Amino acid sequence: MTTETAVRPDAAESEVPPERPRGTGLPALGFLAPFLLLYLAFIVGPALYGLVMSFFDTSLVKPGLSGFAGFGNYAEALQSSDFWSSLWHTVWFTILTTPPLIVLAFAFALLADRARTGRWFFRLAFFAPYILPSAVVALIWIFIYTPGLGLIETALGKIGVTSPNWLGDPNWAMPSLAMTTIWWTLGFNFVLYLAGMQEIPRDLYEASSMDGASPWQQIRKITIPMLGRTTTLVAVLQVIASLKVFDQMYIMTSGGPNFATRSILEYVYDEGFTNFRVGYAAAVSMLFFLVVLGVSAVWFALVRRQEKEV
């Protein structure tokens, strides 16, 4: 016994995807062409050339790539105490800055999202420092940290607290740079969290309040779980940004005191443009690229796991 299924003609036609007009991809390629050319010329090209240089004893005082070094530059970097110390300084800076920049950004975004009056003021106050150039930020905080004249030392002196040499003491230089970075870059994470909070349906909060949920319970049961992907994105972007620290360290301390704040990128700069060892600096850059690539791979794994759980 056979059974025939009747299908409406309009339903069958609706399931067939419309044909894509021919030649629609050409205008898109035309719009993308300038960006692709610039991307290849200034990103991909120099990166590939840097990879090639890492296998040669390239120097700024000699023309061409110079002699072939093979993996000699990589072996020297992995055996160098300066490389590992600068890498540790970068990791330590990342540890000091990432948790506060996540927690404070979430707290301030929650404050700006739930404030009934003055929302524009909170958004402006928390985001405004992020638009300042690194040189301006460095000059502001150098003045704040200046011994004998700085604002922090003056404020602490009024309550009888002796201020340390913020940028001159190896034990305080890195935390001081971390404090500067937190004040400066907090606005970016703040905007991401604020955008995520505004996407949460307000019906969830209204229903929970009718069920007797307190504001803290709403934050713990609704806001934090709904911002899981945003938190993952903020954490990974912040880790990568902290790993690439250079500007404020170079301007405020130049890697001092006693190389206590020299990051891996400043080590690359010193070897390439001070010691003129461009090939060795390129090898160090490639090793650091592998570290950043590993962090990005962890992020992709976390995102895929979150997508499967949804």
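Everything discussed here concerns the structure shown above.
Just so it is clear, the model here is predicted, and its values are computed rather than measured. (Residues numbered from 1 in each chain as written. Predicted model: local features only at pLDDT ≥ 70, side-chain atom pairs only at ≥ 80, totals over all residues. Heavy atoms only, no water.)

Draft legend 1. Here's a closer look at the packing of aromatic side chains. Taken as a whole and assessed by the stated rule, the structure comprises 24 aromatic pairs. Each ring, one from F121 and one from F122, has its centre 5.9 Å from the other, and the planes form 70°; the classification is edge-to-face. According to the relative accessible area criterion, F121 is partly exposed, its value standing at 47%. Look at W166 and W172: their rings are 5.3 Å apart centre to centre, the planes differ by 80°, and that puts the pair in the edge-to-face class. A network of ring pairs unites the aromatic residues F108, W120, F121, F122, F126 and F190 as a single cluster. (Phe/Tyr/Trp six-rings, centres within 6.5 Å; stacked < 30°, edge-to-face > 60°. Buried < 20%, exposed > 50% of the residue type's maximum accessible area, 1.4 Å probe, protein only.)

Draft legend 2. Quick look at the packing of helix α4 (residues 81-114) against helix α11 (residues 228-243). It is the contact of α4 with α11, at a shortest axis distance of 9 Å, that shows an interaxial angle of 145°. Two packed elements cross with a definite hand, and for α4 against α11 that hand is right-handed. Touching T90, F93, T94, T97, T98, L101 and I102 of α4 are V234, A235, Q238, V239, S242 and L243, all from α11. Taken together, the residues of the contact of α4 with α11 sort by class into seven nonpolar, six polar and no charged. (Axes fitted to C-alpha atoms, helices over the stretch in contact; angles between N-to-C directions. Helix = DSSP H or I, 4+ residues; strand = E, 2+ residues; numbered from the N terminus. Left-handed = near helix turned anticlockwise from the far one by under 90°. Contact = heavy atoms within 4.5 Å. Nonpolar A, V, L, I, M, F, W, Y, C, P; charged D, E, K, R; others polar.)

Draft legend 3. Region of interest: unusual backbone geometry. Along the chain, G256 connects to P257 via a cis peptide bond; the corresponding omega equals -5°. Take P257: it is sitting in the loop between α12 (247-252) and α13 (264-274). We note that S66 has phi near 65°; this positive angle belongs to a residue other than glycine. Secondary-structure assignment places S66 in the loop between α2 (25-53) and α3 (72-78). Here S254, not a glycine, exhibits a phi torsion of approximately 55°, which is positive. Following the sequence through the fold, S254 ends up in the loop between α12 and α13.

Draft legend 4. Local environment of the environment of A241. Relative to the elements of secondary structure, A241 occurs in helix α11. You can call A241 partly exposed: its relative accessible area is 43%.

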